[in-house]
Amino acid sequence: QVQLVESGGGLVQTGGSLRLSCTASESILSINTMGWYRQAPGKQRELVATMTSDGSTNYADSVKGRFTISRDNTKNTVYLQMNSLKPEDTAVYYCNAYVVVVSTYTRTYDYWGQGTQVTVST
């Protein structure tokens, strides 16, 4: 079981910035992929950004050039720097850890943080 603890959400004006943090209970190098997802009321949860254990990143088109995912391996922490925020970015943001264990059979594990509210005012 991987425990994920988030922080950094809040209320900002359009054009402002926030940095979200997600700290895992074990080395993020042992987690295949860590990422950020978000869900707005009435909408499905969507991918925002991901980072694999070797540092490869992926971003949703809607946030490219504005959001940056990064990590601090010594702190078991993944960050999401959000700049030039728009009202459309308003959502609950969730940290995610995806683990693949290859043994006698392959098994996957999907862990989620508690979510943190990000609100961008007009």
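Residues numbered from 1 in each chain as written. Predicted model: local features only at pLDDT ≥ 70, side-chain atom pairs only at ≥ 80, totals over all residues. Heavy atoms only, no water.

Considerations on the side chain of threonine 50
Inference 1: Relative to the assigned elements, threonine 50 resides in strand S5 (residues 46–52).
Inference 2: Setting aside chain neighbours within four positions, we find threonine 50 in contact with Thr33, Met34, Gly35, Tyr37, Ser56, Thr57, Asn58 and Ile69. (Helix = DSSP H or I, 4+ residues; strand = E, 2+ residues; numbered from the N terminus. Contact = heavy atoms within 4.5 Å.)

Description of the packing of aromatic side chains
Centre-to-centre distance and the angle between the planes together describe a pair of aromatic rings.
Inference 1: Applying the stated criterion to the full structure yields two aromatic pairs.
Inference 2: Centroid distance tyrosine 37 to tryptophan 112: 5.1 Å. Interplanar angle 70°. Geometry classified as edge-to-face. Residue tyrosine 37 is located in strand S4 (residues 33–39), and its partner tryptophan 112 is located in strand S10 (residues 106–112); the two are separated by 75 residues in the primary sequence.
Inference 3: Ring geometry for tyrosine 109 against tyrosine 111: centres 6.2 Å apart, planes inclined by 5°, an arrangement best described as stacked. (Phe/Tyr/Trp six-rings, centres within 6.5 Å; stacked < 30°, edge-to-face > 60°.)

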